[in-house]
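# Coordinate analysis (summary)
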Amino acid sequence: MRFRAKIVDLACLNHFSRVINTIAKLAKTCTLCLTDSKLYFILSDKVANGGVSMWCELCQGNFFDEFQMEGVAAEHNKIYLELVPENLSRALKTAQSAKAVKMKLTNKHCPCLRVAVELPSLSSSSRIVTHDIPVGVIPRRLWNDFREPSVPDFDVSIYLPVLKTMKSVVERMKNLSNSIVIEANLSGEMNLKIETDLVSVTTHFKDLGNPPWASEDGCQSSAQGRDLESMAEARIDIRKLQQLLAGQQVNPTKALCNIVSKRIVHFILLHEDVSLQYFIPALA
């Protein structure tokens, strides 16, 4: 099992760093799956325990100048590691003006992801700052726990409003309640609502548009034949939604959400070379 990679391009490095910052805000620990073409950051809290799950996918070719990996075996050419994303985020903070960043999997006293940051210096010799980030190697028998979550059979799918706007609305609301109701319909309307004994507040968004899901996927079945005006809704933990919005440093080109009434809200944030899916289960 081997992995080594290198980023030289500063724009790619900063972009990678922003992605890791976002993930660090969403997950205290997560699973990093390495394949020869992609990196996946996976969080799968058991939804039964009210946990959120996350699936973030990056094409390595858009970030790394060199990338070599050998998986556990030829037919299972993957590596699954457990890590604390905040540690990786901190290591990359030292790399903002780096000439290059190298990463490799090492095993001195314990398995580590070594991040070596080559900094520019005035003399001919370069300065290298090395961070060893402890990782856990996940055995092959547990890999099935980390499969891509399927898109739920949703009632409504809708494009999100500008995330900054949505974030400021949710931040104001979170002082008033621990939960928030997201409701939307197939006419491009979405409401964010909180209702307590003392106060009820609703923010309306209009003309957001609904994504044209291809019906042959079969994933739109419960949205087909649905009355365009009728709202699908789910009540979720407001802090989990705020965490998603506050952590955004990737500025997605497309952001949408799928609502399965009273069960789950599934967010999809798409950037040219990063896709992030985030699932928040509904509160009973």
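None of the values given here were measured: they were computed from a predicted structure.

## Comments concerning unusual backbone geometry
At aspartate 207, a position not held by glycine, the phi torsion is positive, near 55°. A relative accessible area of 72% means that aspartate 207 is categorised as exposed. For lysine 262, which is not glycine, the phi torsion reads 60° and is therefore positive. Along the chain, the position of lysine 262 falls in the loop between strand 16 (254-260) and strand 17 (264-271). Overall, lysine 262 belongs to the exposed group, its relative accessible area being 60%.

## Considering the packing of aromatic side chains
Using the criterion set out here, one finds seven aromatic pairs in the structure. Look at phenylalanine 3 and phenylalanine 67: their rings are 5.4 Å apart centre to centre, the planes differ by 65°, and that puts the pair in the edge-to-face class. On the criterion of sequence distance, the pair formed by phenylalanine 3 in strand 1 (residues 2-7) and phenylalanine 67 in strand 5 (residues 66-70) is long-range, its members being 64 residues apart. Of the two residues, phenylalanine 3 and phenylalanine 67, both sit in the buried class.

What counts, and at which threshold
- Residues numbered from 1 in each chain as written.
- Predicted model: local features only at pLDDT ≥ 70, side-chain atom pairs only at ≥ 80, totals over all residues.
- Heavy atoms only, no water.
- Buried < 20%, exposed > 50% of the residue type's maximum accessible area, 1.4 Å probe, protein only.
- Helix = DSSP H or I, 4+ residues; strand = E, 2+ residues; numbered from the N terminus.
- Phe/Tyr/Trp six-rings, centres within 6.5 Å; stacked < 30°, edge-to-face > 60°.

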